[in-house]
Amino acid sequence: MSVYLIGFFVSTLIIKATNVIKKNQRFVLILVALLIPCLIAGLRDKCIGTDVQTYLSQMTDAAISAENFSDYMTTRWFMIWRNLYVSDYEIGFSTTVYIVAKLFRNIYAVQFVIQGLVIVPICYSLYKNNQTQNSLCWVGILTYYFMFFNSSLNLMRQSIAMAFIFLAFTFFENKNNKMCCFFTIVAVLFHTSAVIGILIYFIYNYVNAEKKVDVSESVHDEQRKNINMMVVILVGFVIVVGTGIATKILSSIGLSKYVGYISGNIMFMPNQILSRLPAILILLYAMLYAKRKNRTFQNFQFYFTMMIFDVLLAQFTSVNSFAGRIGMYFSQFEMLAFPAICYETRNKKIIQFCLIGYMLFYWWFFYVLNGVNATVPYVLGV
């Protein structure tokens, strides 16, 4: 447990230190900061993260022993009462494992590179998306560590896909559609669930796309955004409650293999709601504060929608423990929302303290107390 906390805080403090050095000297510090989580992930034992033993270890061994890529792809192993094949997994992930395993011939290098493929796109996106808030990018990094890092040690393919969707969104927001499409495709090559990114882009355009308006019309523009936000949230609620709708949507976008995860009666889960409520309330406080100061909280409607969708989709865990994972594509935007909250409010130190306290509790409650993703305690593998 202490390995995680020390690593999280040291890496975050290094990122924070980049605020007081010259811009052209920041790269080295950022590189050192990102090496820390990569080393924690890379040097862990195979027992950290259930998916390591389910497929990563076998895929790595297969890559090392295979004479060629074709032999590697046809390798099979017995797991959970059935045969699994390397070809069962997305080609982007399989190819990455093959190349790294062939080059370094051990699983530790593979785990190191996988974490790099997660945190590098995230860090780049945080700096690119928060150009007016770069001094608060450390808040976004710390959000990743407490809310998502431990999950990435288990949900490796999805975590890479999420990171590239996060990166693709950066280019989408900056009107670079070509790069957005490219990184969305890359995300899908690592996990097919990444097609959910298309929905996220649509939600952003519908809820929070800005229009050129006169100052006198800005109030009406905010009202329009709020109405659009409520419409999207209502549609999301209807889809979650009516699982038949959700299954049809999944089938229509080529994700029929996930239908089994959400087939059943959904029960609303208080823990999943209460654990996310503090973040929502802090976001609302920041919005109200900005409004009281006659400022516009940029992207508030989008961030709020993402948080609510995360709450809604988390209810699918009452049907299947794997089903709620799809909500992580939405919850990861807290890495942008939390720095924005700190930027918009007056008492930044107090808000930062509240957010860090909340995230620390979230990390302890899910990863330590409940053992989600089987990553605590930390066990060194070498």
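The structure we're discussing is the one just above.
Worth saying up front: this structure is predicted, and the values here are computed from it rather than measured. (Residues numbered from 1 in each chain as written. Predicted model: local features only at pLDDT ≥ 70, side-chain atom pairs only at ≥ 80, totals over all residues. Heavy atoms only, no water.)

K.L.:
Residues and numbers for the overall build of the chain, please.
P.N.:
When its secondary structure is counted, the chain shows 19 helices and two strands. Going through the 382 residues of the chain one by one, you find that 53% of them count as buried. Accessible surface for the chain amounts to roughly 17,700 Å². Of this, 65% is attributable to carbon and sulfur atoms. (Helix = DSSP H or I, 4+ residues; strand = E, 2+ residues; numbered from the N terminus. Buried < 20%, exposed > 50% of the residue type's maximum accessible area, 1.4 Å probe, protein only. Areas by Shrake-Rupley, 256 points an atom, 1.4 Å probe, with all protein chains shown as cover.)

K.L.:
How would you summarise the packing of helix α8 (residues 156–173) against helix α9 (residues 177–190) if you had to cite specific residues and measurements?
P.N.:
Where α8 contacts α9, the axes come no closer than 8 Å and their chain directions differ by 175 degrees. Between α8 and α9, the crossing angle belongs to the class labelled roughly antiparallel. Between α8 and α9, the contacting residues are R157, I160, A161, F164, I165, L167, A168, F171 and F172 on the first element and N177, M179, C180, F183, T184, V186, A187 and F190 on the second. Class assignment for the residues of the contact of α8 with α9 results in 14 nonpolar, two polar and one charged. (Axes fitted to C-alpha atoms, helices over the stretch in contact; angles between N-to-C directions. Parallel < 35°, antiparallel > 145°, perpendicular 65-115°, else oblique. Contact = heavy atoms within 4.5 Å. Nonpolar A, V, L, I, M, F, W, Y, C, P; charged D, E, K, R; others polar.)

K.L.:
Account for a nonpolar patch on the surface, with residues named and values stated.
P.N.:
A grouping of F27, V28, L31, V32, L35, L39, L43, L380 and V382 is seen on the molecular surface, where their side chains present a nonpolar patch of about 820 Å² in accessible area. Along the chain, the position of L43 falls in the loop between α2 (26–42) and α3 (50–65). The exposure class of L43 is partly exposed, given its relative accessible area of 31%. (Patch = residues over 30% accessible without salt bridge, like charges linked within 9 Å, V, L, I, M, F, W, Y side chains within 5 Å. Salt bridge = Lys/Arg side-chain N within 4 Å of Asp/Glu carboxyl O.)

K.L.:
Would you mind going over the side chain of T170 in detail, with residue names and values included?
P.N.:
As for its position among the elements, T170 is in helix α8. Relative accessible area serves as the criterion here: at 1%, T170 is assigned to the buried category. Once residues within four sequence positions are removed from consideration, T170 is found in contact with S125, K128 and N129.

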